[in-house]
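Descriptive structure summary
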Amino acid sequence: MRIPVSSVDLPEDVAAEVLAVLRSGQLAQGARVAALESGVAELMNVRNVVAVSNGTTALVAALRSLRLPPESEVVTSPFTFVATVNACLIAGLRVRFADINPDDFALDASAAARAIGPSTRCLLPVHLYGQTGDMNALMRVATEHGLLVVEDAAQALLATSEGKFAGTWGTGCFSLYATKNLTSGEGGLITTDDDEQASWLRAYRNQGMVQQYVYEILGENCRLTDIQAAIALPQLKTYEQNVTARRENARLLQEGLDGVSGLHIPREMNGRHHVWHQFTVIVDPASGVTRDQVADGLARRGIGAGIYYPRLLGDYPHIGTDPRVTVGNTPNAASIAASCLSLPVHPRVTPHQIDEIIDGVRSAMERRA
Ligand SMILES: *Cc1c(COP(=O)(O)O)cnc(C)c1O
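Residues numbered from 1 in each chain as written. Predicted model: local features only at pLDDT ≥ 70, side-chain atom pairs only at ≥ 80, totals over all residues. Heavy atoms only, no water.

When helices and strands are tallied, the protein shows 12 helices and 16 strands. What you see for the protein is a C-alpha radius of gyration of 21 Å, in line with the 21 Å of a compact globule of 369 residues. The C-alpha extent of the protein, read off along each of the three principal axes, is 70 × 55 × 35 Å. Taking all 369 residues of the protein together, 55% fall into the buried category. Taking as baseline every contact in the protein between residues at least 6 positions apart, the subset at least 24 positions apart corresponds to 72%. When the accessible surface of the protein is totalled, it reaches about 15400 Å², and 50% of it is carbon and sulfur. Separation of charge centres in the protein, based on 31 positive and 39 negative side chains, amounts to 3 Å. (Helix = DSSP H or I, 4+ residues; strand = E, 2+ residues; numbered from the N terminus. Rg over C-alpha atoms; globule rule 2.2 N^0.38 Å. Buried < 20%, exposed > 50% of the residue type's maximum accessible area, 1.4 Å probe, protein only. Contact = heavy atoms within 4.5 Å. Areas by Shrake-Rupley, 256 points an atom, 1.4 Å probe, with all protein chains shown as cover. Lys, Arg positive; Asp, Glu negative; His and termini not counted. Charge placed at Lys NZ, Arg CZ, Asp CG, Glu CD.)

In this section: the packing of helix α8 (residues 226-257) against helix α12 (residues 351-366). Orientation of α8 relative to α12, taken along the N-to-C sense of each, is 35 degrees, at an axis distance of 10 Å. Where α8 crosses over α12, the two elements pack in a sense that is right-handed. Mapping the contact onto sequence places N249, L252, L253, G256 and L257 in α8 and I354, I357, I358, V361 and R362 in α12. Split by residue class, the contact of α8 with α12 holds seven nonpolar, two polar and one charged. (Axes fitted to C-alpha atoms, helices over the stretch in contact; angles between N-to-C directions. Left-handed = near helix turned anticlockwise from the far one by under 90°. Nonpolar A, V, L, I, M, F, W, Y, C, P; charged D, E, K, R; others polar.)

What follows is about the packing of helix α1 (residues 14-24) against α8. At their nearest, the axes of α1 and α8 sit 8 Å apart, and the two run at 155 degrees to each other. In terms of axis orientation, α1 runs roughly antiparallel to α8. Note that α1 runs across α8; the crossing there is right-handed. Contacts between α1 and α8 pair V14, E17, V18, V21 and L22 from the former with D226, I227, A230, I231 and P234 from the latter. Class assignment of the residues belonging to the contact of α1 with α8 gives a composition of eight nonpolar, no polar and two charged. (Parallel < 35°, antiparallel > 145°, perpendicular 65-115°, else oblique.)

Here it is in structure tokens:
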């Protein structure tokens with residue numbers, strides 16, 4: 001695609017940083033990982049950041065660190081990347097899906113409250129596309145029901161709700177996968193203000209070891225390498241600038257697509273700061289045009305578009321029929337999975353390309369049946 005839906009865009013100094021690690025002989029977790037952790041802690045104003053090998057592992061480790069009774073249930077969104085639910089099941093927990101709010105695509109607080117049952121111990125909101133859910137409402141539900149909160153903030157580094165960063169409401173989990181706003185190729189981060197939980201996580205990622213050959217808990221090896229940290233570190237300096245570019249692209253897309261009938265345009269909710277990991281429109285099925293037709297029309301012009309995500313997690317047989325998973329009824333999520341389409345919004349997209357995207361979408365929408 002001439003205009004891809006995502007693009008890996010590394011600052012110039014990444015190559016020198018990586019080379020310095022290769023020459024240093026310290027390839028595994030070391031000073032670069034520590035610098036990445038403290039750099040992110042400073043940006044997010046959080047006490048602890050623990051780097052791990054990927055975002056899925058961040059979720060697994062965060063969930064395990066809560067030390068919930070076995071068979072405890074997690075209430076989460078069915079409209080997310082499969083890692084969210086894989087992590088719950090890998091961590092030995094049960095999953096119950098609750099519906100999303102169609103305005104922010106995140107777990108809906110009242111739907112989550114209704115889904116809570118006697119074994120529910122944890123709420124797992126997913127901050128989809130770079131915007132948090134309604135964290136005030138979700139935290140109120142969690143407090144009322146005595147639930148712990150783990151946030152899947154994989155797509156939402158430095159997004160805020162009421163001025164508070166994604167990942168600082170509960171235990172935050174981030175991904176540094178290649179397509180994410182901040183990347184190390186593969187990587188993950190866990191954020192917490194709880195020092196004891198952070199120590200547990202630091203031991204967990206390193207075989208449960210608290211000092212050389214002193215094992216205190218059952219752990220695993222999910223360390224990040226200094227090579228990976230060296231890829232991510234220089235991006236911390238340009239991260240906010242990149243978010244500004246994403247926000248500007250989102251604004252231009254919103255403006256240019258305004259008034260297109262049958263098209264629902266994503267927006268930043270009141271009190272929130274969107275980091276626009278994705279710009280996701282909804283193609284109303286009543287418009288006579290399908291989202292696949294829009295995607296095909298764009299593809300013919302060399303414009304990439306993504307479907308995140310085409311199916312609800314409960315619709316995959318091995319998840320939906322898993323006795324540990326309660327699928328429930330989630331009509332908002334179902335209709336959005338059938339009609340969502342993400343358009344290029346990343347910092348590499350130029351204003352001229354934004355016009356091409358707008359043109360492409362408009363002409364696809366006008367070609368209705
Ligand atoms: C990317 C992502 C993950 C998993 O991260 P990996 O680093 O790929 O393991 C989890 N949840 C969501 C919503 C994601 O987008």
